[in-house]
Amino acid sequence: ESSKADSYDVQITNAANKVLFSFSNVKKIYKTAPTSLFKPNRKYHFTVRAIAVDETATDYSSSKLFTVAPKRPGLIAIEHRSSSIVRASWKNVPRAKKLKYYRVVLKQGNAIILDTKVRKGFGKKRTGITINNLTPNTSYTLRIRSFRAKGVRSLFRTRIFRTLP
């Protein structure tokens, strides 16, 4: 006779298979853990086992991989601004060598003017972009997010600026 699972045990390990966190008596099919437990831009594994009402337990499941999103890029600095050109830069995210690229989106109102990928140069603390052919005396919204392999991405960092007349 099969027993229905009363609760679950969940283990989270790092790449070296060291158990970092262990959750017992989990009653829900899903478990959320505070993001403060995990470092950004890193891979972790989790395994689950079922615990029956009579306290018998199954073996732990096969390990499943998850990746924590990278942090947002640093604050965006406007290094140069004219009537038609802007040069912006931002501090690279921690562990930036694991990043694939930064996505840069420039909007004028609701219209997307630019949507491009910018690769980070190795060894640099900051990454930047120069945008040309802008309209004088116009407000723009610059949005930047970091991307890791397989589409894992951070939240956008945003900066509003106005070109000179």
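Quick notes on the rules
Residues numbered from 1 in each chain as written. Predicted model: local features only at pLDDT ≥ 70, side-chain atom pairs only at ≥ 80, totals over all residues. Heavy atoms only, no water. Pairing = 2+ DSSP bridges. Helix = DSSP H or I, 4+ residues; strand = E, 2+ residues; numbered from the N terminus. Axes fitted to C-alpha atoms, helices over the stretch in contact; angles between N-to-C directions. Buried < 20%, exposed > 50% of the residue type's maximum accessible area, 1.4 Å probe, protein only. Contact = heavy atoms within 4.5 Å. Polar contact = N/O pair within 3.5 Å; in protein donor to acceptor, adjacent residues only side chain to side chain. Salt bridge = Lys/Arg side-chain N within 4 Å of Asp/Glu carboxyl O.

S.K.: What should I look at first to understand the sheet that holds strand 2 (residues 19-26) in this one?
M.R.: Hydrogen bonds between backbone groups are what pair the strands of a sheet, and the pairing can be parallel or antiparallel. Overall, antiparallel pairing links the four strands, which are arranged 2-1-3-4 in an open sheet. Bordering the open sheet on either side are strand 2 and strand 4 (64-67), each of which pairs with just one other strand. Pairs of neighbouring strands in the sheet enclose a mean axial angle of 25 degrees, with direction left out of account. Bridge analysis of strand 3 (residues 43-52) against strand 4 gives four bridges, and the strand direction is antiparallel. In the sheet register, Y44 faces strand 4, and the bridge partner there is F66.

S.K.: What's the story with the environment of Y44 in this structure? I'm lost.
M.R.: Among the structural elements, Y44 can be located in strand 3. Using a relative accessible area of 5% as the deciding quantity, one classes Y44 as buried. As a C-alpha pair, Y44 and T135 span 91 residues in sequence and 46 Å in three-dimensional space. Not counting residues within four places of it along the chain, the set of residues in contact with Y44 comprises I12, T13, N14, L20, F38, K39, K64, L65, F66 and V68. At 3.0 Å, the side chain of Y44 forms a polar contact with the backbone nitrogen of K39.

S.K.: What should I look at first to understand the side chain of D9 in this one?
M.R.: Among the secondary structure elements, D9 is positioned in strand 1 (residues 5-13). Residue classification places D9 among the buried positions, given a relative accessible area of 9%. Residues within four places of D9 in sequence aside, it is in contact with F23, S24, N25, T47, V48, R49, I51 and Y60.

S.K.: I tried to follow the sheet that holds strand 6 (residues 86-91) on my own but got confused; where do I start?
M.R.: The antiparallel open sheet is built from three strands, whose spatial order is 5-6-9. The open sheet is flanked by strand 5 (76-81) and strand 9 (126-131), the only strands paired with a single partner. Recorded for the sheet is a direction-independent mean angle of 20 degrees between the axes of neighbouring strands. The pairing of strand 6 with strand 9 spans six bridges and is antiparallel. Bridge pairing links K91 to R126 in strand 9.

S.K.: Help me understand the pattern of salt bridges, please; the structure alone is not making it clear to me.
M.R.: Between side chains of opposite charge, a pair can form as their charged atoms come close. All told, the structure shown has four salt bridges when counted by the stated rule. Between R49 and D9 there is a salt bridge; the shortest N-O distance is 3.1 Å. In this pair, R49 is assigned in strand 3 and D9 in strand 1, connecting sequence segments 40 residues apart. Looking at R49, the relative accessible area reads 26%, which means it is partly exposed. In this structure, R103 engages D115 in a salt bridge whose closest nitrogen and oxygen atoms are separated by 2.7 Å. Here R103 is found in strand 7 (residues 99-108), whereas its partner D115 is found in strand 8 (residues 111-118), with 12 residues between them in sequence.

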